[in-house]
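Coordinates in review
Listed below are the residues making up each chain.
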Amino acid sequence: MKAPYLRAFTLFYLLFLYSPILLLPIFAFNDGRVVAFPLQGFTTAWFAEMFADQNLRIAAKNSLVIALSVATLSTVLGIFAARASVRYRFPGKAPLMGLIMLPLVLPEMIVAMALLVVLLSMGIPLSLFTVIVGQVLICTPFAVAILTSAFQSLDRSLEEAALDLGETPWSTFRLIVLPLVMPGIMASFLICFTISFDEFIIANFLGSGQPILSVYIFGQFRFPAKVPSMLALGTVLVCFSIILLGFAEYMRRRGIAKAGGKDSGGFL
Amino acid sequence: MAATPGSEARAGLKLISPTAIYVILLLAVPLATVLIYSVMTGGRGNVSLPLTIENYTELASKSVYGYILLKSLLVALTVTAITVLLAYPVAYFVSFHVKPERKSLWLFLITIPFWTSYIIRVSLWFVILGYGGIVDSALASIGLPPLNIASYSILSIIIVLAHAYAPFAVLPIFVSLEKVDRSLLEAGQDLGESRWVTFLRVTLPLSMPGVIAAALIVFIPTVGDYVTPELVGDGKEPMIANLIETQLLKLQNFPQGSAFAVVSMLMVGIVSVVFVLWNRRYIGGSK
């Protein structure tokens, strides 16, 4: 490897990217309510405070329910759209796929507000359910993107062989297609779960003040006394998402290896 | 399967229908509603006829709306420029100077921070840059005066956004650099051009589609960001999303808020179309 300057720049860039995440555990274990240097000594008090926080527990449970529902729904909707767009030609395909992928290029606030205006006008009360409905819109494009590449790497002759051997279209899908795209489905589920768990705008505006983790964190950072326990929570969340992502990346690579393709890079 | 075009179309439409119905009902209909509301007469929390363009003339007549639109546009374009300029050398390094089997590990390292809680990352910057925060206290411990960066709202918004969306920019640039035919570079150098000139005349133009895609991917979420101006900028420098919130939720002025949302969508749309057209030039040129 040559190019020492480029290498140094890249390492410096990584340091910039990681700096907040590296500071998280440092101050989460720091024995001082004020988040500033010099460090005061080691403590696990903030983690204890975090675990004792009843509201936090409710918020975490709500977020978990939302994220699991959103990941499931988005992945299912993603399977329909990705399969249809890879496998079939039909009228209106381009505009329909464009509409499905639209939230990727639309500021999230606009999606949230448009939905909110309609819900308020129809008199539908805001709840965890409306948050799920909104977040599915945001997550489905990601699911479609991941699943499209999974369906594309599928060898069509395998399906044709199964059909020729007398399987019905549905049993072919279940026995041949589904197992082969399973890694893509897992990756899509994990990515959608992560996005939903992290999502703030829809959780805040379509949740009408329900305790949801991202909204709760946002609120707590305004009280300096609460910041250390939020840093402890952040440390836990970062570890959690690195584990999830490592798993998603593993599934993705296994999927590519299974389909006999070549690894071309990371997510998206 | 000897599918006729007609049966194939039916099968495709049937398969896509659940997703299509979902997005039509919950995305297309709400967006259309916003469009219709923006030309209606409004009071607090309701809308009524007659149709009017007053909401739009109101936007044009009050300079605060134009100021916020322009500010959001400039902040987002600055962030986009910084992000793309910083990301290019990184993508270049990974594509040209990292062994093929190590590439996905590097990309994975670059993307991890993006997938860790956005709200925590942004909030952390609030603690890092704030008065008496991590930067200031670190400076104080080596005897330097505090910078109090957070008091410069726009500067701190730019820093935080450039950090938050950085990994977004690396991936598309990397993908386009990977597609650059390496033999073209050798040809350029065999014909006596320096490495720098080869880069300017071959690599850079060929990777422009990735650069423009990266710019677009960073620009869109940045221009609509809500959390950063609210938290890091202390709400003193609202951007588009914050104003939409004020109009629709705090003032409950649906038509006015809708008109502002439509105008901002148009603005984002126009910038995106400019990017896409610019991109087309390079795609046309490289084939």
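Above this text you will find the structure in question.
To start, this report covers the structure provided alongside it. It should be emphasised that the depicted structure is a prediction, and the values quoted were computed from it without experimental measurement.

What follows covers the overall build of chain B. A tally of helices and strands in chain B yields 13 helices and 2 strands. Overall, the C-alpha framework of chain B stretches about 80 × 70 × 35 Å when taken along its three principal axes. Per-residue burial for chain B yields a buried fraction of 53% across its 287 residues. For chain B, the share of sequence-separated contacts (at least 6 apart) that also reach a separation of at least 24 residues comes to 69%. Roughly 12,900 Å² of accessible area belongs to chain B as shown, and the carbon and sulfur atoms make up 69% of that amount. Between the averaged position of the 18 positive side-chain charges in chain B and that of its 15 negative side-chain charges there is a distance of 5 Å.

A few words on the interface of chain B and chain A. Residue-level contacts link 79 residues of chain B with 89 residues of chain A. The junction of chain B with chain A conceals about 7,800 Å² of combined surface from both sides, 82% of it contributed by carbon and sulfur atoms. Where chain B touches chain A, the interface holds 0 salt bridges. Tallying contributions element by element places helix H1 (residues 5-37) of chain B first for the side of chain B that touches chain A, with 21 residues.

Residue and element names in this part refer to chain B. Counting across every chain of the model gives 7 salt bridges over all chains. Across the pair glutamate 178 and arginine 182 runs a salt bridge whose closest N-O atoms are separated by 3.7 Å. Its relative accessible area of 31% is what places glutamate 178 among the partly exposed residues. Given a relative accessible area of 29%, arginine 182 falls into the partly exposed group. Residue glutamate 193 is joined to arginine 201 by a salt bridge in which the shortest nitrogen-to-oxygen separation is 3.3 Å.

Residue and element names in this part refer to chain B. Along strand S2 (residues 47-51), only 0 of the 5 residues are buried, which leaves the element largely exposed. When strand S1 (residues 40-42) meets S2, the two strands line up antiparallel, connected through 3 bridges. Considered in S2, the bridge of methionine 40 is made with leucine 51.

Take the nonpolar core next. Phe151(A), Ile217(A), Leu231(A), Ile16(B), Ile173(B), Phe219(B) and Phe260(B) are the most contacted members of the largest nonpolar core, which totals 183 residues. A total of 15 residues in this core trace back to one element, the largest contributor, which is helix H3 (residues 63-97) of chain B. When sequence neighbours within four positions are dropped, the list of residues in contact with Ile173(B) reads Val84(B), Ala87(B), Tyr88(B), Ala91(B), Gly210(B), Val211(B) and Ala214(B).

So, on to the environment of Leu213(A). Residues and elements named next belong to chain A. One can find leucine 213 in helix H10 (residues 213-220). Here the alpha-carbon distance between leucine 213 and proline 103, two residues 110 residues apart in the chain, equals 23 Å. Contact partners of leucine 213, with chain neighbours within four places excluded, come to Leu56, Ala59, Ala60, Ser63, Phe197, Leu233 and Leu237.

Before going further, it helps to examine the packing of H3(B) against helix H8 (residues 166-178) of chain B. All names here are of chain B. Interhelical geometry of H3 versus H8 gives an angle of 45° and a closest axis separation of 8 Å. Relative to H8, the element H3 lies oblique. Once H3 is placed against H8, the crossing between them reads as right-handed. On H8, the residues touching Thr83, Val84, Ala87, Tyr88, Val90, Ala91, Tyr92, Val94, Ser95 and Phe96 of H3 are Ala166, Ala169, Val170, Ile173, Phe174, Leu177 and Glu178. When its residues are assigned to classes, the contact of H3 with H8 shows 14 nonpolar, 2 polar and 1 charged.

Thresholds applied
- Residues numbered from 1 in each chain as written.
- Chains lettered and ligands numbered in written order.
- Predicted model: local features only at pLDDT ≥ 70, side-chain atom pairs only at ≥ 80, totals over all residues.
- Heavy atoms only, no water.
- Helix = DSSP H or I, 4+ residues; strand = E, 2+ residues; numbered from the N terminus.
- Buried < 20%, exposed > 50% of the residue type's maximum accessible area, 1.4 Å probe, protein only.
- Contact = heavy atoms within 4.5 Å.
- Areas by Shrake-Rupley, 256 points an atom, 1.4 Å probe, with all protein chains shown as cover.
- Lys, Arg positive; Asp, Glu negative; His and termini not counted.
- Charge placed at Lys NZ, Arg CZ, Asp CG, Glu CD.
- Buried area = accessible area lost by both parts, 1.4 Å probe.
- Salt bridge = Lys/Arg side-chain N within 4 Å of Asp/Glu carboxyl O.
- Pairing = 2+ DSSP bridges.
- Core = buried A, V, L, I, M, F, W, Y, C linked by side-chain atoms within 4.5 Å.
- Axes fitted to C-alpha atoms, helices over the stretch in contact; angles between N-to-C directions.
- Parallel < 35°, antiparallel > 145°, perpendicular 65-115°, else oblique.
- Left-handed = near helix turned anticlockwise from the far one by under 90°.
- Nonpolar A, V, L, I, M, F, W, Y, C, P; charged D, E, K, R; others polar.

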